[in-house]
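Structural overview for review
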Amino acid sequence: MRRTFNKFCPTESLTARSVHVAREDALGRFYECGFPYSRKLTAHKSCVNYLAFSRHDGRWLASAGDDFRVLLWDFSEEDVLRPGHVFVGPIGNVLALDFSATNQYLYSGGADNVILKYDVSTLRRVGRSDVDGRGSSSFVEQYGDHDDSIRALTCHPYEDEIFLSASEDGKLVLHDGRAGGRMSAAQGTLQHTAEFTGVQHHPVMEHVFATCDVHGQVCLRDTRMAFGPLSRRSNGGIMRVYNTKLSRKSASYLSNPESSSLTFDRDGSKLAVTFLHYFPTIYALSDPHPLAICTGRNAPDGTPISPSQRTYTNSCTMKSGAFGGPGMDEDDMYGAGSDDFRAYVWKIPPLMTLQGLRKEITSHDWYTREWPDTVAFAEGKWESRYVPFEISTPLARLNGHKSIVNAVAIHPFLLHVVTSGVERQIVLHSPTPSSPAVQNLLSTPPTVRALQPQDPVAQRTFLRALFGPHPTLHEEVEEDEGEDETISLFDHILRQEGEADVFTMRRWGEDSAEDSEDDDGTMVDVFDTSLSDSSL
């Protein structure tokens, strides 16, 4: 008998649902104690700024930072201890990485204003005995379209040769390396009035992408309206502007925190924005108002954090978060680094649940009633306020670092989270001591280093970090050599800038022209397929 697939089958539906629930319960038991085991992956010689797993299979972890190298760690090995390959070529700090659609290429960009393209496909046949951490190769192509540091790269979900780059020069560039590329350099460039801080392709809808900038503006855009001939462009490609301004009754003005990075979950239904001097904020793709903020008000067991203890903050470095859901059909976790020398992982409730928990306050009620300790989002001074649900209890706090954590990546299917930041080491975290990729992990220390007050010793270390001699990046250095000076430098910055109030640091007035660029108020249906594909 021929089987038909277009009819509802209750038995299959119940089976699939039962498997999903059983898997979720099993993973929940794994995560009950968080990620208490870890290992330091040591090979970099300076700060590690960015981490990215290869798409779908998660075989490769790419890491890069201030030592002008891109390292690949092979998670198909039985016990990941050292990098499987080294890519060379950057002449400045690397700030961004992304794998292409099929993992054929890896792109890097950073403070040298140049994007480098590496061929990963040639490594697929390389075994551990051939590389053993010593193999290296250079880039196969470079792109010099930017005049300032490249803050973000994002690859097309289906085409290996297409990617977007965002830079502090205010340029957003669409790169198409396919034979017979159809755009000139001018047609592939969108010039913004502010420095871009992030860009992210939608993982499913190939023409849709999101951007963020130093003025706090977060936009959903369409490549077909953002690039190409001027006659085809409209509104900078903007389809939606997300509500990112903060309001507090004690302040007569709004605050626009800098949106320093953003990311989609795997199906593109959720968007997370990392704000400087505020909390990671979760949006639904189709809703301009935030649904949730992720805080560290409580410990993972629900115990409130006392005022004397440090918890999640983001005040002085560029950070990038990541969605993940190893073993699940959706990304229900979000991870981000923090200034308290930890990374945090939060369990994100379903979007429908968050929509029901969000509070909307009319402008009249906002100004006529008391709202103590309430910070809301508002599109304007006289607009309604939206108070997103606070996810105040993280699933896990990840220890193991001695200084600020900037980057987090979650493996696509293995139960691993990797973190990095000011130190030279990457920390691999796991809920179990062993997995198919690592063996015999040790228990992570339950506490983190305290931020020490300024004293004569700390002052001397800080001055030595600022003005003293440093080993070159090409020299072999001891593990701790120079590390204390770097940590001391960031300790000093934390003492100066940490715990700053966003309403003091970022004041926004309605007469500001910051958000006027490109925005003519036009909204476009993101599912509209009537626009021509010819601009790509």
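Given the structure is predicted, the values throughout are model-derived calculations rather than measurements. Here the residue numbering is sequential within each chain, running from 1 through the sequence in written order. Predicted model: local features are reported for residues with pLDDT of at least 70 only, side-chain atom pairs are reported and counted for 80 or more only, and whole-chain, interface and lining totals are derived from all residues. Side-chain calculation: all heavy atoms of the structure are included, whereas hydrogens and water are not.

Our focus in this paragraph is the layout of surface pockets. Using a grid of 1 Å spacing that covers the protein atoms alone, one calls a set of points a cavity when a 1.4 Å probe fits there but cannot get out, and a pocket when the set is open and has protein on both sides within 12 Å along at least five of seven lines; lining residues are those with an atom within 4 Å of a point. Grid points are joined across faces, edges and corners, and a volume is the space filled by probe spheres set on the points. Roughly 1,100 Å³ of internal volume is contained in the second largest pocket. As for the second largest pocket, its lining consists of 35 residues, of which Y278, F279, T295, R297 and E390 are closest to the centre. Secondary structure elements with two or more residues in the lining of the second largest pocket: β30 (389-391) and α8 (502-505). The class makeup of the residues in the lining of the second largest pocket is 15 nonpolar, 11 polar and 9 charged. Under the DSSP-based scheme used, a helix requires at least four consecutive residues in state H or I and a strand at least two consecutive residues in state E, with every element numbered from the N terminus. For this classification, the nonpolar set comprises Ala, Val, Leu, Ile, Met, Phe, Trp, Tyr, Cys and Pro, the charged set comprises Asp, Glu, Lys and Arg, and every other residue, Gly included, is treated as polar.

Residues belong to one nonpolar core when they are buried, are Ala, Val, Leu, Ile, Met, Phe, Trp, Tyr or Cys, and are joined through side-chain atoms within 4.5 Å. A simple rule labels every residue: compare its accessible area, found with a 1.4 Å probe on the protein chains alone, to the largest value its type can have, and call it buried under 20%, exposed over 50%, or partly exposed in between. Among the nonpolar cores identified, the biggest contains 24 residues, and V218, L220, Y242, L262, L271 and Y283 are the most heavily contacted of them. When residues of this core are traced back to their parent elements, those giving at least two are β16 (208-213), β17 (218-222), β20 (259-264), β21 (270-275) and α8. We call two residues contacting when some pair of their heavy atoms lies within 4.5 Å. Leaving out residues up to four positions away in the same chain, Y242 has contacts with V218, C219, L220, L271, Y283, A284, L285, D287 and P288. Counting residues in each nonpolar core, the second largest holds 19 residues, with L71, V80, L414 and L428 among its members.

Here we come to the packing of aromatic side chains. Only Phe, Tyr and Trp rings take part, Trp by its six-membered ring, and two of them pair if their centres are within 6.5 Å. Stacked means planes under 30 degrees apart, edge-to-face means over 60, and tilted covers everything else. Considering all chains together, one arrives at 17 aromatic pairs under this definition. With a centroid separation of 5.3 Å and 85 degrees between ring planes, the pair formed by F53 and F75 is classed as edge-to-face. Taken together, the residues span a long stretch of sequence, with F53 in strand β2 (residues 48-53) and F75 in the loop between β4 (69-74) and β5 (85-88) at a distance of 22 residues. Centroid distance F87 to Y118: 4.4 Å. Interplanar angle 20 degrees. Geometry classified as stacked. Linking F87 in strand β5 with Y118 in strand β8 (residues 115-119), this pair joins segments that are 31 residues apart in sequence. Taken individually, F87 and Y118 each receive the classification buried, so the pair is uniform in this respect. Clustering of aromatic rings is evident, with ring pairs tying together Y278, F279, Y312, F323, Y334, Y344, W346 and F377. Residue placement shows K117 over the ring face of Y105; its charged tip is 4.1 Å from the ring centre. Working rule: Lys NZ or Arg CZ, within 6 Å of ring centre, within 35 degrees of ring normal, means a charge sits over the ring.

What follows concerns the sheet that holds strand β28 (residues 375-378). Whether two strands pair comes down to DSSP finding at least two bridges between them. Taken in spatial order, the 4 strands line up as β19-β28-β29-β27 in an open sheet, and their pairing is antiparallel. Of all strands in the sheet, those with a lone pairing partner are β19 (246-248) and β27 (359-361), marking the two edges. Here the strands of the sheet are splayed against their neighbours by 40 degrees on average, with no regard to which way each runs. Examined bridge by bridge, β27 and strand β29 (residues 385-387) share 3 bridges and lie antiparallel to one another. Paired with K359 across the strands is V387, a residue of β29. To get an axis, a line is fitted to the C-alpha atoms, and for a helix only the part in contact is used. The angle between two axes follows their N-to-C directions and goes from 0 to 180 degrees.

Inspection of the secondary structure assignment puts R224 in helix α3 (residues 223-226). Residues R224 and G236, 12 residues apart in the sequence, show an inter-C-alpha distance of 9.9 Å. One polar contact links R224 to D222, side chain to side chain, over a distance of 2.7 Å. Two N or O atoms form a polar contact when they lie within 3.5 Å of each other; inside protein one atom must be a possible hydrogen donor and the other a possible acceptor, and for residues adjacent in sequence the pair counts only when both atoms belong to side chains.

Further remarks concern the pairing of strand β11 (residues 150-155). Within β11, 6 of the 6 residues are buried, which leaves it mostly tucked inside the rest of the structure. Relative to strand β12 (residues 162-167), β11 is paired through 5 bridges, and the arrangement is antiparallel. Note that in β12 the partner of A152 across the bridge is A166. In textbook terms, the turn of a hairpin is the stretch between consecutive antiparallel strands, and for β11 and β12 this stretch comprises 6 residues.

Let us look at empty space enclosed by the protein. Any empty space left between atoms is shown by rolling a water-sized probe over those atoms. Following the criterion strictly, the structure yields 2 cavities of 30 Å³ or more and no others. Put simply, the second largest cavity is a space of about 40 Å³. The element contributing the most residues to the lining of the second largest cavity is strand β7 (residues 105-110), with 3 residues. Looking at side-chain class alone, the lining of the second largest cavity contains 5 nonpolar, 5 polar and 1 charged residues.

By the element assignment, H277 lies in the loop between β21 and β22 (281-284). Residue classification places H277 among the buried residues on the basis of a relative accessible area of 14%. With sequence-adjacent residues up to four places away left out, H277 is seen in contact with N314, S315, E497, A500, V502 and M505.

This part takes up the sheet that holds strand β25 (residues 333-337). Strand order across the open sheet formed by 4 strands is β24-β25-β26-β31, with antiparallel pairing between neighbours. The open sheet terminates on both sides in strands that have one partner only, identified here as β24 (322-324) and β31 (396-398). Here the average twist between neighbouring strands, direction ignored, is 20 degrees. Summarising the sheet, strand β26 (residues 343-347) and β31 pair through 3 bridges and their orientation is antiparallel. Note on β31: the bridge partner recorded for V345 is A396.

Expected span, for any helix, means 1.5 Å times one less than how many residues it has. Between its first and last C-alpha, helix α7 (residues 483-497) extends 21 Å over 15 residues, near the 21 Å set by a 1.5 Å rise per residue. Those residues of α7 that sit buried are E483, E485, I487, S488, F490, D491, H492 and L494. Trailing α7 by a residue or two, E499 shows a phi angle of about 65 degrees, which is positive.

It is worth spelling out a negative patch on the surface at this point. Patches in this entry comprise residues that are over 30% relatively accessible and not in a salt bridge; like charges within 9 Å are linked, as are nonpolar side chains (Val, Leu, Ile, Met, Phe, Trp, Tyr) within 5 Å. Each accessible area is a Shrake-Rupley estimate made with a 1.4 Å probe; only the visible protein chains count as cover when residues are assessed. Note on definitions: salt bridges are taken to be side-chain nitrogens of Lys or Arg within 4 Å of carboxyl oxygens of Asp or Glu. In this count, Lys and Arg are taken as positive residues and Asp and Glu as negative ones, while His and the chain termini are left out. A charge is said to be at NZ when it belongs to Lys, at CZ for Arg, at CG for Asp and at CD for Glu. Together, E24, D25, D267 and E330 line one region of the surface with negative charge. Examined against the element boundaries, E330 turns out to sit in the loop between β24 and β25. Classification of E330 by relative accessible area gives partly exposed; the value is 37%.

Okay, the state of the cysteines next. Two cysteine sulfurs form what is called a disulfide whenever their separation falls within 2.5 Å. Considering all chains together, one arrives at 0 disulfides under this definition. Residue C212 stays outside any disulfide, its sulfur separated by 9.6 Å from that of C219, the closest cysteine.

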